[in-house]
Structure formats: structure tokens, C-alpha cells
Amino acid sequence: MTVDWTWTWWVVVLMIVDVTIRVLAVIIIPRNRRPTAAMAWLLAIYFIPIIGVVLFLLIGTPRLPRKRRKKQEQLNDYIRRTSHGLDLGTLRPNPPVWFAQLVRLNRNLGAMPLSGENDARMISSYEESIAAMAEAIRDAESYVHVEFYILQADQTTDDFFRALEEVAARGVVVRVLLDHWANRSKPFYKETCRRLDEMGAQWHLMLPVQPLKGKYQRPDLRNHRKLLVVDGHVAFTGSQNVTDSTYNLPKNIKRGLHWVDMMARLDGPVVASVNAVFLSDWYSETDEVIEGMELFDVRTGKGDLDCQIIPSGPGFEFQNNLKLFMTLLFAAREKIIIVSPYFVPDEGLLLAIQTACQRGVTVELFVSEEGDQAMVYHAQRSYYEALLRSGVKIWMYKRPFILHSKSMSIDDEVAVIGSSNMDMRSFGLNLEISLLVRGEEFVSQLRSVEDEYRALSRELTLEEWMQQPLRSTVLDNLARLTSALQ
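Anyway, here's the lowdown on the structure attached to this text.

Thresholds applied
- Residues numbered from 1 in each chain as written.
- Predicted model: local features only at pLDDT ≥ 70, side-chain atom pairs only at ≥ 80, totals over all residues.
- Heavy atoms only, no water.
- Helix = DSSP H or I, 4+ residues; strand = E, 2+ residues; numbered from the N terminus.
- Buried < 20%, exposed > 50% of the residue type's maximum accessible area, 1.4 Å probe, protein only.
- Contact = heavy atoms within 4.5 Å.
- Areas by Shrake-Rupley, 256 points an atom, 1.4 Å probe, with all protein chains shown as cover.
- Polar contact = N/O pair within 3.5 Å; in protein donor to acceptor, adjacent residues only side chain to side chain.
- Patch = residues over 30% accessible without salt bridge, like charges linked within 9 Å, V, L, I, M, F, W, Y side chains within 5 Å.
- Salt bridge = Lys/Arg side-chain N within 4 Å of Asp/Glu carboxyl O.
- Axes fitted to C-alpha atoms, helices over the stretch in contact; angles between N-to-C directions.
- Parallel < 35°, antiparallel > 145°, perpendicular 65-115°, else oblique.
- Left-handed = near helix turned anticlockwise from the far one by under 90°.
- Nonpolar A, V, L, I, M, F, W, Y, C, P; charged D, E, K, R; others polar.
- Expected span 1.5 Å × (residues − 1).
- Arc of directions from axis to C-beta.
- Pairing = 2+ DSSP bridges.

1. What about the overall build of the chain?
Here's step 1: Counting its regular elements, the chain contains 19 helices and 18 strands.
Here's step 2: Within the span of the chain, comprising 486 residues, buried residues form 57% of the whole.
Here's step 3: Looking at the chain alone, contacts between residues at least 24 apart form 82% of all its contacts between residues at least 6 apart.
Here's step 4: With an accessible surface of roughly 21700 Å², the chain has 57% of that area assigned to carbon and sulfur atoms.

Have a look at this one:
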């Protein structure tokens, strides 16, 4: 009998490779990674080794390229030095001890300085916010800075683009940043690029995945920020993209889905902080330092609000937005209201919410009854039972609307709005911008918006939730496992 040594050697080689991969995975994957994420990756590699290894090589490192991270470190250092000792408006008196500590934490992690004498006006109407931004653009005399995750020139946003065209025609410099991956497959992408070219805008794609041009990073990293700055006088930021409320996607139109968002119109020294985020992203994408523009060109505001801008994302060493939210949750004494379309907390955030309930703090969570992203929708649902049993009131914004707003209000004095969801993606993969505000006037505005949402929502009870069919529970739990892969 003849032994086929060729086949035998192939088996030996495959066994050696398999064992080597498993040993290397145990050494490499857990390092500086959350235990749940490490376990999820190890299970994926052990049970589906080929697919698991390929996925890990593609998306296993939630960090920007080293060159990009180095730029962010340089920018953070420059911002600290440039803003040190500046007169950023008179701050409100008698801040809580925890608030001063929170501001210091944010600064240490790379946030802009706290500024006083700001005004912030909430806009909860989708069409009104686009109209307000167009109106502000038309008042521009020097420059307009536009940075949006999704930017589409469609029927709803036509006035926004016409405003840009009008000011560009009279010599105002228009600079535009839009996320590459989020826009490349959208219906009006080519038309949007054409309009930007024809008006003479200086525009660039953010985080482009163009390996043939030497531009590549983990393909699911996104710049999720939404902001507009006009002349350093006025800024807008929040959750809304510049697009139709259906996102012009046939699947959304067929289901009758419309997005609900909130934006804030800002004036005062905080506008310089928003502009600093834009200039940082502009430099990161272009290597261009815009001549003649100070990073902190501070202007006096009309209001009396203390504001701080907190950028976050994989360019930073720590999860700035997660630490911001955690600190606020532990600081609350009476009430916490969270609005988040995609709510997939890590263990610490979930524990902080449960602990707040156990301390007697009223906690309300607003989510959408309808989901637009199946995996996130089911992963989010897997937390509902634990939240309800802890005493969290869950309000489900009625379909066919997607509640896309993102906010957290603490007691009646402090609030955060911005682009950041409360999920693993926003904490680790997306570049986000958050606006921290101290001032009863602003929280009162946000409370009015929350009341609008509550009137259009229904409360989910534990009794109702426990009637969920088994197939839904299985889907929810499977999605929860995949959410750990980061």
C-alpha cells in the first residue's frame, strides 16, 4: 500500500497554520480591547477561521492610520496652546463641583475650552433647520464652512445649495467636507459634486476609501459630524444631515419613513470652537492650514450660556463622548432624559443608567418604534428588558418616523446635543461632535422638544415586552453578540 505523502503534508501544514492563527489570536486580540469585544473576535476566529481572520484584518482595528492619529495629537496640542488664557466670555457663577470636573476631563481628552456668553436656539423642525441654515449662509461676507456626514443636493435642500451658490458668486469662500463612504452610493451624489464644482466651492471627501489613490483606512470608519459655520459669527450643529427626510432612498420611500432631527443655532465664543473642529478636519483631509484664519477668532454672543464643544472619534486615544455621557449619568440627581436612535450601550453605560434608577433618579429613554438598520435595531431591543426592570421609562416614537435626534438632559441645568449616538459605533468608530451646555434656558428649550416627542410616542411596558415572540428574542440576542465586534 502506497501512502500519499503529498496529501499528508498538506494536512500537517494546515494544522500548523490553524494552531498558529489560534495562538496568535489569543496573544494579539485581547490587548487593549474590551473583554466582550475580544471574546467576540476570538469566537469568530475559532468557529469561522477564514471569515473571522479576513474580517479582523479588515475591521478589527478601530483606529485611524498612524499618520492621521499623529495629526490629531498635533492639533490637540495646538488647540490647548492657542486657547490658553483667551477671554472666552464670562461664565455663569456657582457651577456644581462635578461640572467643573467634567469640563476639565473633556479638556484633558481633547475638547475645546468652556466659553460663556453664548446663545443657542433649538430647531426641531426638519425643514425649518434647513431654511435657517440657508438664511445664515446668505448673510455671509467672508466664508462658509460646511461639514456634514451626508450632503445631498435634492429638492428639499435646494435652497441650501442655492444660498451657497449665491454667496460664492459674490466672492465668499465656500469650503465643504462630506463623508466619502456615506455619500458615494446616495442617489444625488454625482449631482451634488457637480453643483459644488460649478459654484466654485473648495470641497473634499472625508475619510476616503480610495486605495488606488493611496487613501485607505478601515472601511467602516466614518466622519459622522454635522456642522455649519458662517464668518465665525454663527454656527449650527446637531443630528441632522443636509438631505431630504427620506434620504431619497427607494426603500425608505416605499416604507414611508421620514427622519426626525434637531439642530442648534449658536452664536458667541462657542462658534470659534465649532470652527476649530472644521479647521481640524480640513487640515486632516487636505494638509492645508488656511492662511489668515485664527483658530479661535472669538466673537461676543447674545446669550448667557456656558458651552463646550467635545470632538470624539478614533483619532483620539480615549472614547471622549462615552466618558462625557458616563460622567453626566453619575452626576444626575433628579432626572435623565436620553434621546438616541441607536442605543447599544456598553457594560459601563448600562450599569450607570441602572445605578441612576436605583439612586431614585427618573430616567427616560426615547427610541424609534421603527428601525432602519436591522442589526442595530435588534441589538438595541436586546437591552429593553434590563432597562425596563431597572425602572427606565422607554418611549417609542411612532412609525413611520425614525427619531434620529441625539441628546441627553441632566436635571434642569445641563444638556448635551450633537451627532453622537449611544452605541459602540459612535463611541469607537465614528468621528462625532457633541455640544455641552449649562443653562436653564437651553434645557427648557430641550424639554419642550422632549415633550413634543413624548406626545408622538407610546410607552413600552415590561408586560408588553415580555409578550415578544421567541423569534424576536433570538434575533435580538444574535444582533447583540455581533455588536461587540469592534
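2. Some words on the side chain of Ser340
Here's step 1: Along the chain, Ser340 falls in the loop between strand 11 (335-339) and helix 13 (347-358).
Here's step 2: Overall, the relative accessible area of 2% leaves Ser340 in the buried class.
Here's step 3: At a separation of 3.1 Å, a polar atom in the side chain of Ser340 contacts the main-chain carbonyl oxygen of Tyr342.
Here's step 4: At a separation of 3.2 Å, a polar atom in the side chain of Ser340 contacts the main-chain amide nitrogen of Met422.
Here's step 5: In contact with Ser340, not counting residues within four places along its chain, are Phe366, Val367, Gln380, Ser405, Asn421 and Met422.

3. Concerning a nonpolar patch on the surface
Here's step 1: A cluster of nonpolar residues, Leu470, Val474 and Leu478, forms a patch on the protein surface that exposes about 300 Å² of accessible area.
Here's step 2: Mapping Leu470 onto the fold places it in helix 19 (residues 470-482).

4. Structural notes on unusual backbone geometry
Here's step 1: Cis rather than trans, the peptide bond between Arg399 and Pro400 has omega equal to 15°.
Here's step 2: The backbone phi angle of Asn94 is positive, close to 55°, even though this residue is not glycine.
Here's step 3: Along the polypeptide, Asn94 turns up in the loop between helix 4 (66-83) and helix 5 (97-108).
Here's step 4: For Leu207, which is not glycine, the phi torsion reads 50° and is therefore positive.
Here's step 5: Take Leu207: it is sitting in the loop between strand 4 (202-206) and strand 5 (222-223).

5. Notes on the packing of helix 7 (residues 158-169) against helix 9 (residues 189-199)
A pair of packed helices is characterised by two quantities: the angle between their axes and the separation of those axes.
Here's step 1: Where helix 7 meets helix 9, the closest approach of the two axes is 9 Å, and the angle between their N-to-C directions is 20°. By the angle between their axes, helix 7 is roughly parallel relative to helix 9. Note that helix 7 runs across helix 9; the crossing there is right-handed. For the pair helix 7 and helix 9, the contacting residues are Asp158, Phe161, Arg162, Leu164, Glu165 and Ala168 in the first and Thr192, Arg195, Leu196 and Met199 in the second.
Here's step 2: Classifying every residue of the contact of helix 7 with helix 9 by side-chain character gives 5 nonpolar, 1 polar and 4 charged.

6. Considering helix 4
Here's step 1: With 18 residues, helix 4 extends 26 Å from end C-alpha to end C-alpha; this agrees with the ideal 26 Å at 1.5 Å per step.
Here's step 2: Residues Arg68, Arg69, Lys71, Gln72, Leu75, Asn76, Ile79 and Ser83 constitute the buried set of helix 4. Across the axial projection of helix 4, the buried residues extend over an arc of 150°, all falling on one side. Turned more than 90 degrees off the buried face of helix 4, the exposed positions are Arg66, Lys67 and Arg81.

7. With respect to the environment of Phe366
Here's step 1: Of note, Phe366 is situated in strand 12 (residues 362-368).
Here's step 2: Given the relative accessible area of 0%, Phe366 is considered buried.
Here's step 3: Considering only alpha carbons, one finds Phe366 and Leu403, 37 residues apart in sequence, at a separation of 8.1 Å.
Here's step 4: Not counting residues up to four positions away in its chain, the partners in contact with Phe366 are Ile337, Ile338, Val339, Ser340, Trp395, Leu403, Glu450, Tyr453, Arg454 and Ser457.

8. Let's talk about the pairing of strand 1 (residues 115-123)
Here's step 1: Bridge analysis of strand 1 against strand 10 (residues 305-312) gives 2 bridges, and the strand direction is antiparallel. The residue bridging Asn118 from the neighbouring strand is Leu305, located in strand 10.
Here's step 2: Pairing of strand 1 with strand 9 (residues 263-267), which is carried by 5 bridges, proceeds in the antiparallel orientation. Bridging across to strand 9, Ala120 finds its partner in Leu266.

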